[in-house]
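# Tertiary structure, described
As a plain string of letters, each chain reads:
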Amino acid sequence: MNTYWKVSVAVWDTAYSFDRLFTYTSFESVCVGCRVAVPFGFNNSKRVGMVLEAEETSGELDASVKPVIFVMDKEPLLNDEQLQLVHWLKEMTFCTYSDAIRAILPAGMQVELCQKAEISPNIAEISLSDEEKSLLCFLQAAKSQRSFDRLLQAEGNADKQRIIDSLFEKKALQMTDYARQKVGNSGIKMIRLTGEYDALSKICRITPKQKKLIELLKEQPVLSEKEACYLCGITGSVVTSAVKSGIVERYTGDLFRDIPDIEKTRDASDIRLSDEQTPVFEKISEAVRSRTPHCFLLHGVTGSGKTSVFLKLIDETIRMGRQVIMLVPEIALTPQVVKEFCSLFGQQVTVIHSELSLGQRADAYKRIKNGDVKIVIGTRSAVFAPAENLGLIIVDEEGERAYKSDSSPRYHAIEVAKKRCRTNNCTLLLASATPSVESYYYAKKGVYTLLEMKKRYADMPLPEVSVVDMNEERLLGNDTEFSDELMIALKENLKAGEQSILLLNRRGYHTIISCCDCNKPVYCPNCSVPMTYHKVNNSLMCHYCGHTEEMTESCRFCGGTRMRKMGFGTQTLEESLEKALPEARILRMDADTTMSRYAYEEKFSAFARGEYDIMAGTQMIGKGLNFPNVTLVGVLSVDKALFAGDFRSYERTFSLITQVVGRGGRGDKKGRAVLQTFMPEHYVLRLAAMQNYEEFYREEITLRRALVFPPICDICVIGFVGVSENVTAAAAQYAAQCIEELVRQTGFEKPLRVLGPMPFSYGKISGKYRYRLILKCKNTKEYRDLVREILNAVYSRREFAKIHIYADMNGDIGV
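None of these values were measured; they are calculated from a predicted model.

With that settled, the discussion passes to the overall build of the protein. For the protein, the count of helices and strands is 24 helices and 32 strands. Against the 2.2 N^0.38 benchmark of 28 Å for 815 residues, the protein shows a C-alpha radius of gyration of 30 Å, consistent with a compact globule. For the protein, the share of sequence-separated contacts (at least 6 apart) that also reach a separation of at least 24 residues comes to 76%. Summed over all atoms, the accessible surface of the protein reaches about 37,100 Å², with 49% contributed by carbon and sulfur. Averaging the coordinates of the 106 positive side-chain charges in the protein and doing the same for the 104 negative ones gives two points 2 Å apart.

Encoded structure:
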């Protein structure tokens, strides 16, 4: 009687319509949560999979069930809670099993199947010729697999190839499958000129783009490849060709596998809570001690001391022997948070975010799983940290869109956090000066417990905000980016030795280049998006697909040569400041100046040390940062954000203004802010200037009730993406027809509203057309089953085989 394992495997990279658990047999002991290699499909291609169900059985083998090729892991990679999360993600986000598993496992721990040649263990029994024995001796002497493989390269030598083929025919050599883990180099790709570049440049053909690269590397000998490509307006292929020519060489810089050590310098007992902070701390710590799942919403004004409450709660939680996850929305916030937490908790802290190398993320994962660290700080993906004794999850700035994933699985970190709190019987703390309308709605209904801190720590006043009407500035002849009031305030701050922050949520130099004859802007060839001019590299860039081209001299629509540059971005802002305030030291913070891994930490630390007078940047400087010497904040232009085409645009604009204004006056000096706008009477801008969240919420929830938007209902966006616009539109239209038929056939009785099909606001991105359907309904099992039926119905049609279709239960309806 045969004893074997019957396993259900989630196979990597299956199509959504074909994604399910597949049954295999294994004579090797295998646990749930282990990876296996399996044959898949009609051609039995080798795939990686993960065992999600396993049962030891005996009896006759079913010949129709395929066997596992080999088991990769001796111990399960995923624990019971993580396995539950895999099934939960598939159910709630309409992803495949493999997408769910990849979201939970760090990229550095994922594997790929490979083959390698090996000498047969039965080699002594095989008869070989003298030539074959000679080659075999060299192979046996090889000190590494790389040397072994190099010996098997014939490189055009027909006699050697004949010997190699003969060894394989006689089975003296055999191919063996193995799994290679994808832990990459933890360094940064750097480039520099070689010592021979001067001589080679005289004999090699140098292209104009390579010449630009050489000139840049002469000026700046140390540059990352990514920065060099941006500054020269070139792609990586230009660098690669320069490397092949011997003019440029690549090397790896800053090889860090561990987070830099920060010594513990103080104790949590040193933190003194105010009369307003103390009851908030006591209420939450009571819930942590009770070990029952509970969700709190902490609404505290900017500067009210929410971080101090976090630190005291974390200290109490780890004293109980439990672990803590703290989420922050931006990578930019991580260095400052980590520095503060490490000064209190030392090596009990680790970090997870996308700017870490594969190796660093894999190391952090193992340390958390082993229980070596108690506190995990990170961005959205840190919510999956393998903490097995969770006591508290904190989500700072909980209303931020950054907590929502825009790729499969399309989860929201707060929903995952809720699921984990229910599983671990722990406490969830959502905190913000500007909570999401949904969270505040649930708090008002009693689903969450609402806690409030309405005063700044030490009774410091909120910054005084003055709203400047830029229409009047234009009438008075001021056509610069700065109102007279803001420029006077900047000069006063410089004179007083105090720092300023200026927010302009647009990268680049000019935001639109258009033709004076036909008035059409210069569009990206891959997207339906106008390109942005970057003066640093004298190039036009698409901020969606990354396409770069030299500044155009003529219109591609009408051939006109009169091109008009309009709008201004952070590069223009920096240049204008340098002209208006030549004595000021200016720090620009945007995606173009923070390309390297440690750019955020280095630049923010320099600003904190007083090495700069003015920090100008995009929204990355708007939230969560604490610089005591900042007493002036200027908001230059946010009007456009009000009309972003999304029902959350008012909420996001209010939040951004409120948060950036709150960066001022956080020390012992009073703060002030200047809000420049062409719409001074708009209620969102007026309430943001007053920092009046309650009134804004009342206005916004009334609007959402009238228009039936979340939290009054749930929204699902079904997206269709394809190379052919006609086929993509047809797929969307067919899905709309399927909804009508399925509702009629299944007797679906819940209120359901369907909008579309229609193109997205940007109907083409990266060369692919995008259409959507918007469904409004309550998120129930019946509703999700209906959406699943729609997806499968469209996927079943052969003409839509090349269309990518997805469903997003937390989808934005804007861009």
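Moving on, we get to the pattern of salt bridges. Inspection of the entire model under this criterion finds 35 salt bridges. A salt bridge links D177 to K46; the nearest nitrogen and oxygen atoms lie 3.0 Å apart. Taken together, the residues span a long stretch of sequence, with D177 in strand β7 (residues 173-181) and K46 in strand β4 (residues 45-58) at a distance of 131 residues. E492 is the partner of R672 in a salt bridge, and the nearest nitrogen-oxygen pair spans 3.1 Å. Separated by 180 residues along the polypeptide, R672 in strand β28 (residues 672-677) and E492 in helix α17 (residues 484-496) bring together distant segments of the chain. Of the residues examined, R672 reaches a relative accessible area of 29% and is grouped as partly exposed.

Burial analysis of strand β31 (residues 768-777) places eight of its ten residues in the buried class, the great majority of the element. Where strand β29 (residues 714-722) lies against β31, nine bridges are found, and the strand directions are antiparallel. Paired with G719 across the two strands is R772, which belongs to β31. Judged from the seven bridges that link them, strand β30 (residues 753-765) and β31 form a sheet pairing that is antiparallel. Across the sheet, the residue bridging to V754 is L775, located in β31.

Moving on to the packing of helix α1 (residues 80-93) against helix α24 (residues 781-795). Where α1 contacts α24, the two axes come as close as 9 Å, and the packing angle between them is 75 degrees. Between α1 and α24, the angle is such that the two are roughly perpendicular. Within the contact between the two elements, α1 uses K90, E91 and M92 and α24 uses K781, R784 and R788.

Read across the open sheet, the six strands follow the order β18-β28-β27-β19-β26-β25; overall the sheet is parallel. Only two strands of the sheet have a single neighbouring strand rather than two, namely β18 (464-469) and β25 (586-589). Strand-to-strand twist of the sheet, defined as the mean angle between neighbouring strand axes without regard to direction, takes the value 15 degrees. With six bridges connecting them, strand β19 (residues 499-504) and strand β27 (residues 630-637) associate as parallel partners. Among the inter-strand pairings, Q499 is bridged to a residue of β27, identified as V630. Running over the sheet, α17 touches β18, β19, β26 (614-617), β27 and β28 and is turned about 155 degrees from β27. Each of β19, β25, β26 and β27 touches helix α19 (residues 599-608); the most contacted strand, β25, lies at about 150 degrees to it.

Turning to unusual backbone geometry, a few remarks are in order. The linkage connecting S408 with the following residue, P409, adopts the cis geometry, with an omega of 0 degrees. Mapped onto the secondary structure, P409 falls in the loop between β15 (390-396) and α14 (413-424). With an omega of 10 degrees, the peptide bond running from P710 to P711 counts as cis. Look at N519: it is not a glycine, yet its phi comes out positive at around 65 degrees. Its location among the elements puts N519 in the loop between β20 (512-515) and β21 (532-534). The backbone of Q691 shows a phi angle near 55 degrees, a positive value even though the residue is not glycine. Its location among the elements puts Q691 in the loop between α21 (683-690) and α22 (693-707).

On to the environment of T552. Tracing the backbone shows T552 in the loop between β23 (548-550) and β24 (563-566). Taking relative accessible area as the criterion, T552 reaches 16% and is therefore assigned buried. Remark: the alpha-carbon pair of T552 and S539, spanning 13 residues in sequence, is separated by 8.6 Å. T552 has contacts with V522, L540 and M563, leaving out every residue within four places of it along the chain. Only 2.8 Å separates the side chain of T552 from the backbone oxygen of S554, close enough to count as a polar contact.

Taking 1.5 Å of rise per residue, the 15 residues of α24 would be expected to cover 21 Å, and the 21 Å separating its terminal C-alpha atoms lies within 8% of that figure. What α24 keeps buried is the set Y783, R784, L786, V787, R788, I790, L791, A793, V794 and Y795. The inward-facing, buried residues of α24 abut α1, β29, α23 (725-746), β31 and β32 (804-808).

Let us look at the sheet that holds β32. Taken in spatial order, the four strands make up an open sheet running β30-β31-β29-β32, and their pairing is antiparallel. Whereas interior strands pair on both sides, the edge strands pair on one side only; in this sheet they are β30 and β32. On average, each strand axis in the sheet is inclined to that of its neighbour by 20 degrees, with strand direction left out of account. Strand direction decides the pairing type here: β29 and β32, joined by five bridges, are antiparallel. Within β32, the residue paired with G719 across the bridge is Y806. Running at roughly 175 degrees to β32, α24 makes contact with β29, β31 and β32 of the sheet.

Take Q210: it is sitting in helix α7 (residues 208-219). The exposure class of Q210 is buried, given its relative accessible area of 6%. A polar contact of 2.8 Å, which involves the side chain of Q210, links it to the side chain of S241. When sequence neighbours within four positions are dropped, the list of residues in contact with Q210 reads R205, V238, S241 and A242.

The next point concerns the packing of aromatic side chains. Taken as a whole and assessed by the stated rule, the structure comprises 20 aromatic pairs. Taking 5.0 Å as the distance between ring centres and 80 degrees as the angle between the ring planes, the aromatic pair formed by Y440 and Y693 counts as edge-to-face. Of the two residues, Y440 sits in helix α15 (residues 437-445) while Y693 sits in helix α22, which places them 253 residues apart along the sequence. Accessibility expressed as a relative area gives 1% for Y440, which makes it buried. With centroids separated by 6.4 Å and ring planes inclined at 50 degrees, the aromatic side chains of Y693 and F696 adopt a geometry described as tilted. On the criterion of helical spacing, the pair formed by Y693 and F696 is a turn pair, its members being three residues apart in helix α22. Of the two residues examined, Y693 and F696, each falls in the buried class. A network of ring pairs unites the aromatic residues Y440, F654, Y693, F696 and Y697 as a single cluster. Directly above the ring of Y178 sits K116, whose terminal nitrogen or CZ lies 5.0 Å from the centroid. For the cation-ring pair, R772 lies above F760, with the distance from its terminal atom to the ring centre recorded as 5.0 Å.

To continue, consider the side chain of T350. You can see T350 is positioned in strand β13 (residues 349-352). Dropping the residues within four chain positions of it, T350 is found in contact with A364, R367, I368, V373, I375, V376 and I377.

Between α1 and helix α2 (residues 97-104), whose axes approach to 9 Å, the crossing angle comes to 130 degrees. Classified by the interaxial angle, the pair formed by α1 and α2 is oblique. The hand of the α1/α2 crossing is right-handed. For the pair α1 and α2, contact is made by Q82, L85, V86, H87, L89 and K90 and by Y97, A100, I101 and I104, respectively.

What follows concerns the nonpolar core. Core analysis: the largest hydrophobic core is formed by 94 residues, its most contacted members being L78, I501 and M615. Ignoring sequence-local partners within four residues, the contact set of L78 consists of G33, M50, L83, V86, I101, I104, L105, Y365 and K369.

Cut-off values and rules
Residues numbered from 1 in each chain as written. Predicted model: local features only at pLDDT ≥ 70, side-chain atom pairs only at ≥ 80, totals over all residues. Heavy atoms only, no water. Helix = DSSP H or I, 4+ residues; strand = E, 2+ residues; numbered from the N terminus. Rg over C-alpha atoms; globule rule 2.2 N^0.38 Å. Contact = heavy atoms within 4.5 Å. Areas by Shrake-Rupley, 256 points an atom, 1.4 Å probe, with all protein chains shown as cover. Lys, Arg positive; Asp, Glu negative; His and termini not counted. Charge placed at Lys NZ, Arg CZ, Asp CG, Glu CD. Salt bridge = Lys/Arg side-chain N within 4 Å of Asp/Glu carboxyl O. Buried < 20%, exposed > 50% of the residue type's maximum accessible area, 1.4 Å probe, protein only. Pairing = 2+ DSSP bridges. Axes fitted to C-alpha atoms, helices over the stretch in contact; angles between N-to-C directions. Parallel < 35°, antiparallel > 145°, perpendicular 65-115°, else oblique. Polar contact = N/O pair within 3.5 Å; in protein donor to acceptor, adjacent residues only side chain to side chain. Expected span 1.5 Å × (residues − 1). Phe/Tyr/Trp six-rings, centres within 6.5 Å; stacked < 30°, edge-to-face > 60°. Lys NZ or Arg CZ within 6 Å of the ring centre and 35° of its normal. Left-handed = near helix turned anticlockwise from the far one by under 90°. Core = buried A, V, L, I, M, F, W, Y, C linked by side-chain atoms within 4.5 Å.

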